[in-house]
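# Observations on the model geometry
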Amino acid sequence: MNTTRRRGRRAGVLIATGALAVAGLGAPASAQQDDIPGVDDVVHSRNLSHVAHLEKEGPFANQDAFNTDMAFTRGHAIVGNYDGFTVYDVRKPKKPRVVSQVLCPGGQNDLSVSGDLLFLSTDYARTDDSCTSEPAPASDPDSWEGVKVFDISDLSNPEYVASVRTDCGSHTHTMVPAPERESVLLYVSSYSPAPELPNCQPPHDKVSIVEVPVDHPEDAALVATPVLFPDGGNPGDGYSRETTGCHDLTAYPEKDLLAGACMGDGILVDISDRMEPRVIDRVQDEDNFAFWHSATFNNAGTKVVFTDELGGGGMATCNAEIGSERGANGIYDLKGKGDRAHLEFVSYYKIPRHQGETENCVAHNGSLIPVQGRDIMVQAWYQGGVSVWEFTNSDRPKEIAYFERGPLSDTENITGGSWSAYYFNGYIYSSDIQKGFDVLDIRDPRTAPAKAVKFEEFNPQTQPSYGRR
């Protein structure tokens, strides 16, 4: 969502938890483009079943405690929340259960995992880096924003072990393994500097790289701040937002590539030298991209899907007035290799179902469904729900399955819907801002081979490969 540090072992605030009953199962339905379900109605295509649901609970049950991004490890899904994170056991996907909750406010709390470590992004100024901090003005030079590190060797009792302050905070971050350094690197995305913000000064044309030693995470530290836009990014004098940093970065470590969604720019980055990422191509779309939000490679590394988060995730943009090319995905073919690699725009994809005027809806977070020889993605669209779509033919992307709820209200726009939707070990998992945690099962010949692909760990912004490429 687009919204405008120290060492030593600390205790997070662990909340007692218990299993919740499965609820909210919807019957198959067929929705036409202008068929808008009623408040809280559940509709889905016949090839996609809603098999489990857990409501938000405990300190995260409030309307302002948004569920955010997800990562997966050892048969568990970990879901960020503006007030902390929740660990779900999904080894039995149709019977998920809450294992633990950690209360640690600091939106957005997007997260990633690596082995026994979890990393949490804080992009709202706080009085300090503790899990009991209070909101603070970003104009206060003593306020804190950045990355927190947790030990999750015991998923039922995560321990807070370190924090690292980063300029302009950490809106999101991307984990890149660095085994040769016996560490992991976090590429921190942040943006929107201002002269009155002492810890977020313009120009802010860089990313922050935080290094976390695997065996000594308490020694996590900021190690580099490479500049991505030495000559400045998009000036913002057209349709697109001014570039003052990046919103989201997706790495494909096996190919030494990274794709960046940087407000007014989409970039392709060589990360063969992990400490010195180098931009090798840059694209803009002044006709239809208001805010470059996130990126996903296809498995072959020959395409990149960029998302446009028109309206910052809070507007109703999935309607006839906005149309099918704004607030959508842009599909780019990746041509050439090495320094000659470049991105060529091919087409747009947007969900084909109009949403109501009280439903915030726009392209958001998703991942590939691992099918050899095909390019299929599952993606969250806030109150537009979850869309499964294919872009094997870049010219003709098409939806093949969907799940959505009706509006939270038919009289006011309440921010809600699916923040992230990812495929992991045979099922689709959705983090719903207000409703909680959903498990979906797609049964379609086009996606059936994905059921056999298993990962021990999965961070959607650190793409793994599968099968032959």
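Up top you'll find the structure we're talking about.
Described in the following lines is the structure provided in the data block. Since this is a predicted model, take the numbers as computed values, not measurements. (Residues numbered from 1 in each chain as written. Predicted model: local features only at pLDDT ≥ 70, side-chain atom pairs only at ≥ 80, totals over all residues. Heavy atoms only, no water.)

### Some thoughts on the overall build of the chain
- Broken down by element type, the chain carries zero helices and 31 strands.
- The C-alpha radius of gyration of the chain comes to 20 Å, within 12% of the 23 Å expected for a compact globule of 469 residues.
- Viewed in the frame of its principal axes, the chain has a C-alpha envelope of about 55 × 55 × 45 Å.
- Every one of the 469 residues in the chain was classed for burial, and the buried ones make up 63%.
- For the chain, the exposed area adds up to about 16900 Å²; of that, 47% sits on carbon and sulfur atoms.
- When the 41 basic and 67 acidic side-chain charges of the chain are each reduced to a single mean position, those positions are 7 Å apart. (Helix = DSSP H or I, 4+ residues; strand = E, 2+ residues; numbered from the N terminus. Rg over C-alpha atoms; globule rule 2.2 N^0.38 Å. Buried < 20%, exposed > 50% of the residue type's maximum accessible area, 1.4 Å probe, protein only. Areas by Shrake-Rupley, 256 points an atom, 1.4 Å probe, with all protein chains shown as cover. Lys, Arg positive; Asp, Glu negative; His and termini not counted. Charge placed at Lys NZ, Arg CZ, Asp CG, Glu CD.)

### Overview of the packing of aromatic side chains
- Scanning all chains against the criterion turns up 23 aromatic pairs.
- Ring geometry for F66 against Y82: centres 5.1 Å apart, planes inclined by 55°, an arrangement best described as tilted. Pair noted here: F66 is in the loop between β3 (48–54) and β4 (67–73) and Y82 is in the loop between β5 (76–81) and β6 (84–89), with a separation of 16 residues, a long-range link.
- A relative accessible area of 11% means that Y82 is categorised as buried.
- Considering the side-chain rings of Y429 and F437, the 5.8 Å spacing of their centres and the 20° angle between planes classify their relative orientation as stacked. (Phe/Tyr/Trp six-rings, centres within 6.5 Å; stacked < 30°, edge-to-face > 60°.)

### Quick notes on the pairing of strand β25 (residues 376–380)
- Across the five residues that make up β25, a large majority, five, are buried.
- Side-chain alternation along β25 places I376, V378 and A380 on one buried face and M377 and Q379 on a second face that is also buried.
- Two elements, β25 and strand β26 (residues 386–390), share five bridges in a ladder whose sense is antiparallel. Across the sheet, the residue bridging to A380 is V386, located in β26.
- Taken together, β25 and the strand that follows it, β26, pair antiparallel across an intervening segment of five residues, in which Y382 is found at a positive phi of about 50°. (Pairing = 2+ DSSP bridges.)

### Some details on the sheet that holds strand β29 (residues 427–432)
- In space, the four strands of this open sheet follow the order β3-β30-β29-β28, with antiparallel pairing throughout. With partners counted over all chains shown, the strands left at the sheet margins are β3 and β28 (418–424), one partner each. Ignoring which end each strand starts from, the neighbouring axes of this sheet average 20° apart.
- As judged from the five bridges shared by β29 and strand β30 (residues 436–442), these two strands associate in the antiparallel manner. If you follow I428 over to β30, its bridge partner there is L440. (Axes fitted to C-alpha atoms, helices over the stretch in contact; angles between N-to-C directions.)

### Some remarks on the environment of K350
- With respect to the element layout, K350 can be found in the loop between β23 (342–349) and β24 (366–368).
- For K350, a relative accessible area of 10% gives the class buried.
- With 66 residues separating them along the chain, K350 and Q284 place their C-alpha atoms 19 Å apart.
- Residues within four places of K350 in sequence aside, it is in contact with T317, C318, I322, G323, S324, R326, G327, A328 and W381.
- A polar contact of 2.8 Å, which involves the side chain of K350, links it to the backbone oxygen of G323.
- At a separation of 2.7 Å, a polar atom in the side chain of K350 contacts the main-chain carbonyl oxygen of R326. (Contact = heavy atoms within 4.5 Å. Polar contact = N/O pair within 3.5 Å; in protein donor to acceptor, adjacent residues only side chain to side chain.)

### Remarks on the side chain of D205
- Mapped onto the secondary structure, D205 falls in the loop between β13 (183–189) and β14 (208–213).
- At 6.8 Å, K206 is the nearest oppositely charged side chain to D205, a buried residue that forms no salt bridge.
- Non-local contacts of D205, meaning those with residues more than four positions away in its chain, are made with V227, L228 and F229. (Salt bridge = Lys/Arg side-chain N within 4 Å of Asp/Glu carboxyl O.)

### Digging into the environment of N298
- The topology assignment puts N298 in the loop between β20 (292–297) and β21 (303–308).
- A relative accessible area of 2% places N298 in the buried class.
- Remark: the alpha-carbon pair of N298 and S163, spanning 135 residues in sequence, is separated by 33 Å.
- Beyond its immediate stretch of four places on either side in the chain, N298 contacts Y252, K303, L368, D375, F391 and Q463.
- Polar contacts involving the side chain of N298 include one to the side chain of D375, which spans 3.5 Å.

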